[in-house]
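Notes for the structure review
The lines below spell out each chain.
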Amino acid sequence: MGRDSDGSIRWLEVMGCGWFILKYSEQLELIRKLREASPLVWALERLAMLRYGVNDLRMFFENDMRF
Amino acid sequence: MKFSEQWLREWVNPVLSREALAHQITMAGLEVDDVESVAAAFSGVIVAEVLDVVPHPDADKLRVCQVSDGQATWQIVCGAANVRTGLKVPMAQIGATLPGDFKIKKAKLRGVESNGMLCSEQELGLADSADGLFELPANAPVGQDIRAYLGLDDAIIDVDLTPNRSDCLSVMGIAREVAALNGMTFKPHEVPEVHFSINDEFPVHLDAPEACPRYVGRVIRNVDLSRPTPLWMVEKLRRSGIRSIDPAVDVTNFVMLELGQPMHAFDLAQLSGAIHVRFARAGETLTLLDGQTVTLDETTLVIADQQKVLAMAGVMGGEFSGVADGTRDLFLESAFFTPLTIVGKARNYGLHTDSSHRFERGVDSGHQRRAIERATRLLVDIVGGQPGPVVEMVSKPHLPVRDEIELRHQRVDDVLGIHLDRTRIEEILARLGVTVTRVTKEGWFFNVPSHRFDLSIEVDLIEEIGRIYGYNKLPVTEPKARLAIPSLPEDRLSVRALKQQLVGQGFREVVTYSFVDRESLRLLTPMHSTIELANPIASDMAVMRTTLIAGLIKAAGYNQNRQQTRLRLFETGLAFHSWQGEIVQEPKLAGLLAGGRLSEGWLSSKDKVDFFDLKGQVEALLALTGKRYQWRKGDHPALHPGQSAEILLDGAVVGIAGALHPQIVKSLDLNGPIFTFELCLNSIVKAKVPNFRGISKFPEIRRDLAIIIDKATDYADVSAVIAESAGESCVRHNLFDVYLGENLGADKKSLAVSIVWRNSERTLRDEEVTEAFNNVIKALEGRFGASLRS
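Definitions and cut-offs
Residues numbered from 1 in each chain as written. Chains lettered and ligands numbered in written order. Predicted model: local features only at pLDDT ≥ 70, side-chain atom pairs only at ≥ 80, totals over all residues. Heavy atoms only, no water. Helix = DSSP H or I, 4+ residues; strand = E, 2+ residues; numbered from the N terminus. Rg over C-alpha atoms; globule rule 2.2 N^0.38 Å. Buried < 20%, exposed > 50% of the residue type's maximum accessible area, 1.4 Å probe, protein only. Areas by Shrake-Rupley, 256 points an atom, 1.4 Å probe, with all protein chains shown as cover. Lys, Arg positive; Asp, Glu negative; His and termini not counted. Charge placed at Lys NZ, Arg CZ, Asp CG, Glu CD. Salt bridge = Lys/Arg side-chain N within 4 Å of Asp/Glu carboxyl O. Expected span 1.5 Å × (residues − 1). Arc of directions from axis to C-beta. Contact = heavy atoms within 4.5 Å. Axes fitted to C-alpha atoms, helices over the stretch in contact; angles between N-to-C directions. Parallel < 35°, antiparallel > 145°, perpendicular 65-115°, else oblique. Left-handed = near helix turned anticlockwise from the far one by under 90°. Nonpolar A, V, L, I, M, F, W, Y, C, P; charged D, E, K, R; others polar. pLDDT = per-residue confidence, 0-100. 1 Å grid on protein atoms, 1.4 Å probe; cavity = no way out; pocket = protein on both sides within 12 Å on 5 of 7 lines; lining within 4 Å. Points joined across faces, edges and corners; volume = space filled by probe spheres on them. Buried area = accessible area lost by both parts, 1.4 Å probe. Polar contact = N/O pair within 3.5 Å; in protein donor to acceptor, adjacent residues only side chain to side chain. Patch = residues over 30% accessible without salt bridge, like charges linked within 9 Å, V, L, I, M, F, W, Y side chains within 5 Å. Core = buried A, V, L, I, M, F, W, Y, C linked by side-chain atoms within 4.5 Å. Domains from an automatic or database assignment. Pairing = 2+ DSSP bridges. Phe/Tyr/Trp six-rings, centres within 6.5 Å; stacked < 30°, edge-to-face > 60°. Lys NZ or Arg CZ within 6 Å of the ring centre and 35° of its normal.

Examining the overall build of chain B
Counting secondary structure elements, chain B contains 21 helices and 39 strands. In summary, chain B has a C-alpha radius of gyration of 43 Å against a globular reference of 28 Å for 790 residues, an excess of more than 25%. Overall size of chain B, expressed as C-alpha extent along the three principal axes, is 130 × 85 × 60 Å. Burial status across chain B gives 50% buried among its 790 residues. As displayed, chain B has an accessible area near 39,300 Å², and 50% of this comes from carbon and sulfur atoms. With 87 positive and 104 negative side-chain charges, chain B shows a spacing of 6 Å between the two charge centroids.

Encoded structure:
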């Protein structure tokens with residue numbers, strides 16, 4: 001969450017999360033054990049972009065020495 | 001989904017400011033992308049009537065108009081081509097302010113006085129461009145403020161809906177949600193049945209009931225489509241981003257926006273026999289409303305009559321069966337097509353319509369009759385005509401059935417982390433139209449309404465409870481976990497320590513894809529069989545890497561192409577290959593050096609890196625382990641045959657290092673030389689636990705030795721012989737010079753080695769050292785035919 005130049009609140013999604021659907025997960029023993037958990041997808045790059053002002057996610061994976 | 005705030009407030013009007021309302025909608029999971037004023041800020045503009053128009057005496061393009069504001073008549077000079085007597089237009093009075101802080105003053109244009117300005121839509125900030133004056137309907141009340149007349153103190157709210165919330169693709173849907181959020185009762189507007197005044201029906205056959213289980217149609221005769229769509233409807237459509245076309249299309253679009261039911265109006269005169277809702281036959285063609293002709297396939301559901309295809313069901317109507325200028329009789333369609341039938345169809349034909357957008361996400365299957373009644377009412381009011389009876393064809397077994405969902409009270413508490421009373425849960429769900437069917441010992445069974453395609457399991461209901469209760473109100477709870485202290489055995493290094501060491505040595509970590517191109521693996525590791533991807537995202541990412549070097553040289557090429565030549569890269573990760581049908585995956589650490597040995601500077605040489613830089617870097621890294629590694633000549637196919645080494649730990653090969661083979665450098669279009677190494681991570685994390693030994697108080701004795709030996713002999717072998725022949729008191733030996741020269745012979749080299757002896761209990765005698773030294777010389781003579789250099 002941040003504020004725009006006019007002071008209004010803006011949102012940016014930095015993490016996604018969800019719920020395993022039981023009818024699929026029950027087929028998989030591994031996931032069945034996890035089914036009480038809600039998976040979080042936490043992309044560090046997003047937070048790093050905000051923290052350091054990086055404007056393009058792809059730069060983290062281009063391996064450009066100037067980055 | 002864009003809609004006008006006022007329109008929403010006609011349905012449900014909570015006591016909330018515009019900003020608070022938008023915030024509330026966002027917080028409920030329907031993200032508001034934008035809130036935009038309908039018109040730019042302006043004031044002092046009223047509805048006026050042009051009473052008289054005469055040409056300007058001194059200008060061809062200007063006209064002098066007499067304009068009434070209802071009380072007085074004003075003279076205004078106007079340049080618009082469409083100004084004419086009797087026209088109702090917006091007039092900016094003296095003292096008015098137009099968008100851009102433009103003040104209207106009394107003025108003289110070429111000698112003629114002008115007391116105000118007649119405005120276009122562009123000048124009022126209602127449109128990006130305009131051809132002439134904004135022509136208002138003939139019944140516009142002269143003298144009324146234009147902002148009030150057009151309802152311009154309104155905002156367009158743009159909600160970015162997630163695909164699961166198709167129920168909110170209408171003003172009614174958003175209103176239902178807003179009502180639930182504010183604890184208000186939601187009552188859909190009454191849609192009274194329109195009584196039929198003629199008995200005309202047009203037969204409908206559901207030939208594919210699994211794809212279209214409900215089709216509602218109605219004939220309306222003798223409509224007058226030349227009548228204009230009322231301004232209020234045009235404005236509502238415009239604020240939802242839809243252009244007004246003709247009253248029939250406008251009404252179908254309006255009902256879609258209001259109730260969420262896409263509709264279509266056919267020209268009855270173009271239909272023959274009966275409507276058949278069926279799948280297309282291969283090769284059938286249809287010319288769509290947008291003019292393009294498509295060839296249909298058998299998975300596409302169509303609306304056809306007895307002779308031809310009329311429309312692509314749920315996507316777009318056909319050009320020839322649509323409403324046109326001369327249309328007198330209409331056939332209205334309001335149908336339910338199942339999402340699976342429509343999903344992807346529009347895209348297959350390169351189309352995306354408001355209709356397909358809704359049908360593929362799910363339209364309320366119980367809503368078709370209501371929509372057609374609403375459309376009929378609006379049409380009859382606007383364009384007249386006589387409606388026939390509603391024809392509804394239903395295939396009940398094919399309508400979506402919704403199972404009851406069980407909800408356990410304890411699960412609500414567990415998942416949300418708060419305790420809610422039974423009545424509170426029931427009340428929240430009831431607001432969303434989710435009704436209790438049975439109460440059990442542990443909780444309830446609920447029925448979900450037909451518009452909520454997204455509710456199917458217990459957590460869906462819990463999500464709704466959390467959403468309406470307010471995610472913001474859920475308490476912040478620190479996660480609790482029992483943590484075990486991890487064991488960090490002293491004889492293991494962490495990968496992090498190795499990485500830090502390399503960073504300290506001036507390397508940079510890269511992250512490359514595990515998917516690489518087949519060609520570079522064929523060059524780098526011809527001995528491994530690769531693992532192909534079943535469904536690669538690109539042809540150069542078709543196989544799993546067998547070596548991390550593949551990614552490193554790609555990164556090196558990328559940088560060399562961007563003038564970054566001094567490279568020190570490393571990467572850790574898994575390499576994969578297939579062995580006897582099994583997938584082998586191994587963690588590796590690989591590095592690459594290229595370019596200058598030192599970064600450019602006044603004090604540094606411009607020399608490029610060589611094999612010994614590579615060896616030094618790898619040795620410095622491995623020194624962290626405290627273990628003794630051996631280097632020996634290697635023959636890895638990716639490496640230069642003369643500059644290739646294997647690295648051994650306790651007799652086993654744990655890595656390779658060397659210069660990249662010049663042919664590979666050439667065929668991958670790189671700038672050589674490039675030096676690279678790859679180590680088995682699992683082996684090099686083994687560390688030596690230090691073992692204390694006392695420091696000797698006695699002096700050490702050094703003897704230097706220079707031998708001439710075959711050039712092909714490795715120093716590693718020489719060193720081993722020295723170590724075993726120099727006796728127990730020898731503490732170390734060191735190669736301090738290598739000499740090659742004509743005087744030795746072309747196949748000989750000279751090695752100079754220092755050997756140091758020391759005893760921890762006493763001072764060594766000279767004779768003892770001499771004896772040990774002679775033993776070394778003898779052993780070297782015997783083993784390698786070495787001779788002392790004189």
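With respect to the pattern of salt bridges
Residues and elements named next belong to chain B. Summed over the entire model, instances satisfying the criterion amount to 55 salt bridges over all chains. With its nearest N and O atoms 3.1 Å apart, the salt bridge here joins Glu235 to Arg238. Of this pair, Glu235 and Arg238 both sit in helix 5 (residues 231-239), 3 residues apart, which is roughly one turn of that helix. With a relative accessible area of 25%, Arg238 lands in the partly exposed category. Close ionic contact of Asp613 with Arg597 constitutes a salt bridge, the shortest N to O distance being 2.9 Å. With Asp613 in helix 17 (residues 611-622) and Arg597 in the loop between strand 31 (582-594) and helix 17, the pair connects residues that are 16 residues apart, well separated along the chain. We classify Arg597 as partly exposed; its relative accessible area is 25%. Residues joined in a network through salt bridges with shared partners are Arg165, Asp167, Glu177, Arg452, Asp454, Glu464 and Arg467.

A look at the environment of B:Ala138
For B:Ala138, the location among the structural elements is in the loop between strand 10 (117-118) and helix 3 (146-150). Between the alpha carbons of B:Ala138 and B:Glu123 there is a distance of 21 Å; along the sequence they are 15 residues apart.

Digging into helix 21 (residues 766-784) of chain B
Residues and elements named next belong to chain B. Spanning 19 residues, helix 21 covers 27 Å between terminal C-alpha atoms, matching the ideal 27 Å at 1.5 Å per step. Among the residues of helix 21, Val769, Ala772, Phe773, Val776, Ile777, Leu780 and Phe784 are the ones counted as buried. Around the axis of helix 21, the buried residues are gathered within 140° of arc, so they sit on the same side. Counted as exposed and oriented over 90 degrees from the buried face of helix 21: Glu767, Glu771, Lys778 and Gly782. In the core, the buried residues of helix 21 are packed alongside strand 36 (701-710), helix 20 (715-725), strand 38 (748-757) and strand 39 (787-788).

Details of the packing of helix 11 (residues 409-416) of chain B against helix 13 (residues 458-469) of chain B
The geometry of a pair of packed helices is captured by two quantities: the angle between their axes and the separation between those axes. Residue and element names in this part refer to chain B. Helix 13 packs onto helix 11 with a crossing angle of 60° between their chain directions and a minimal axis gap of 10 Å. With respect to each other, helix 11 and helix 13 are oriented oblique. For the pair helix 11 and helix 13, the sense of crossing is right-handed. Along the contact surface, helix 11 presents Arg411, Val412, Val415 and Leu416, while helix 13 presents Glu458, Ile462, Ile465 and Gly466. Here the contact of helix 11 with helix 13 is composed, by residue class, of 5 nonpolar, 1 polar and 2 charged.

Some thoughts on the confidence of the model for chain A
Here chain A shows a mean pLDDT of 66. Residues at 70 or above account for 36%. Least confident of the elements in chain A is helix 1 (residues 22-25) of chain A, whose mean pLDDT is 51; most confident is helix 4 (residues 59-62) of chain A, at 86.

Observations concerning the layout of surface pockets
The volume enclosed by the second largest pocket comes to roughly 1,400 Å³. Of all the secondary-structure elements, those providing two or more residues to the lining of the second largest pocket are helix 17, strand 32 (629-633), strand 33 (639-649), helix 20, strand 37 (730-739) and strand 38 of chain B.

What about the interface of chain A and chain B?
Contact residues are listed per partner, giving 11 residues for chain A and 18 residues for chain B. Of the roughly 1,400 Å² buried between chain A and chain B on both sides combined, carbon and sulfur atoms contribute 56%. Put simply, chain A and chain B have 0 salt bridges between them. Seen at the junction of chain A and chain B, the total is 6 residue pairs in polar contact (both at pLDDT 80 or more). Tallied by class, residues from the side of chain A that touches chain B come to 5 nonpolar, 1 polar and 5 charged.

Overview of a negative patch on the surface
All names here are of chain B. Together, Glu31, Asp33, Asp34, Glu36 and Asp160 make up a negatively charged patch on the protein surface. Here the negative patch gets 4 residues from one element, more than from any other, and that element is strand 2 (residues 31-37). For Asp160, the position within the fold is in strand 11 (residues 155-160).

Comments concerning the nonpolar core
What tends to happen in soluble globular proteins is that the nonpolar side chains get buried as a cluster. Residue and element names in this part refer to chain B. Ranked by size, the top nonpolar core spans 49 residues in total, and within it Phe3, Leu8, Val159, Val251, Val255 and Leu332 carry the most contacts. What Leu332 contacts, discounting residues up to four positions off in sequence, is Val216, Gly217, Arg218, Ile220, Thr252, Met263, His264, Ala265, Ile372, Ala375, Thr376 and Leu379. Listed in part, the 37 residues of the second largest apolar core include Ala211, Leu271, Leu286 and Phe337.

Regarding the domain arrangement of chain B
Splitting chain B by domain gives domain 1 (2-38 + 155-181), domain 2 (43-150), domain 3 (204-398), domain 4 (405-472), domain 5 (495-684) and domain 6 (701-788). Each of domain 5 of chain B and domain 6 of chain B was reduced to a C-alpha centroid, and the two centroids are 35 Å apart.

Observations regarding the packing of helix 5 of chain B against helix 6 (residues 247-259) of chain B
Residues and elements named next belong to chain B. With their axes 10 Å apart at the nearest point, helix 5 and helix 6 run at an angle of 55° to one another. Of the possible angle classes, the one that applies to helix 5 and helix 6 is oblique. Crossing of helix 5 over helix 6 shows left-handed handedness. Along its contact with helix 5, which presents Trp232, Met233, Lys236 and Leu237, the element helix 6 presents Asp250, Val251, Asn253, Phe254 and Leu257. Among the residues forming the contact of helix 5 with helix 6, the class breakdown is 6 nonpolar, 1 polar and 2 charged.

Examining the side chain of B:Thr676
All names here are of chain B. With respect to the element layout, Thr676 can be found in strand 35 (residues 674-680). Residue class for Thr676 comes out buried when judged on its relative accessible area of 1%. Of note is the side chain of Thr676, whose polar atom sits 2.8 Å from the backbone oxygen of Gly591. Aside from chain neighbours lying at most four places away, what touches Thr676 is Ile549, Gly591, Leu592, Leu614, Leu639, Ile656, Ala657, Gly658 and Leu660.

Quick notes on empty space enclosed by the protein
Residues and elements named next belong to chain B. Tallied over the entire structure, the rule returns 1 cavity of 30 Å³ or more. Its volume calculated, the largest cavity comes out at about 140 Å³. Along the walls of the largest cavity sit 15 residues, with Ser166, Asp167, Leu259, Gly260 and Asp364 positioned nearest its centre. The residue inventory of the lining of the largest cavity, partitioned by class, reads 4 nonpolar, 7 polar and 4 charged. Split by domain, the residues of the lining of the largest cavity number at least three in each of domain 1 (2-38 + 155-181) and domain 3 (204-398).

Examining the pairing of strand 32 of chain B
All names here are of chain B. Where strand 32 lies against strand 33, 5 bridges are found, and the strand directions are antiparallel. Considered in strand 33, the bridge of Arg632 is made with Glu646. Between strand 32 and strand 33, which follow one another and run antiparallel, lie 5 residues.

Regarding the packing of aromatic side chains
All names here are of chain B. If you walk through the whole model with that rule in mind, you get 11 aromatic pairs over all chains. With centroids separated by 5.5 Å and ring planes inclined at 90°, the aromatic side chains of Phe611 and Phe612 adopt a geometry described as edge-to-face. On the basis of relative accessibility, which here comes to 14%, the residue Phe611 falls in the buried class. Given the relative accessible area of 61%, Phe612 is considered exposed. Taken together, Trp7, Trp232 and Phe254 form an aromatic cluster joined through their ring pairs. When the ring centre of Phe445 is taken as reference, the NZ or CZ atom of Arg438 above it lies at 4.0 Å. The ring of Phe736 carries Arg702 above its face, with NZ or CZ at 5.6 Å from the centroid.

Observations regarding the pairing of strand 3 (residues 43-55) of chain B
Residue and element names in this part refer to chain B. In this structure, strand 3 lies alongside strand 6 (residues 88-98), joined through 6 bridges in antiparallel fashion. Directly across from Val47, in strand 6, lies its bridge partner Pro90. Pairing of strand 3 with strand 4 (residues 63-68) involves 6 bridges; the strand directions are antiparallel. Bridge pairing links Glu49 to Ser68 in strand 4.

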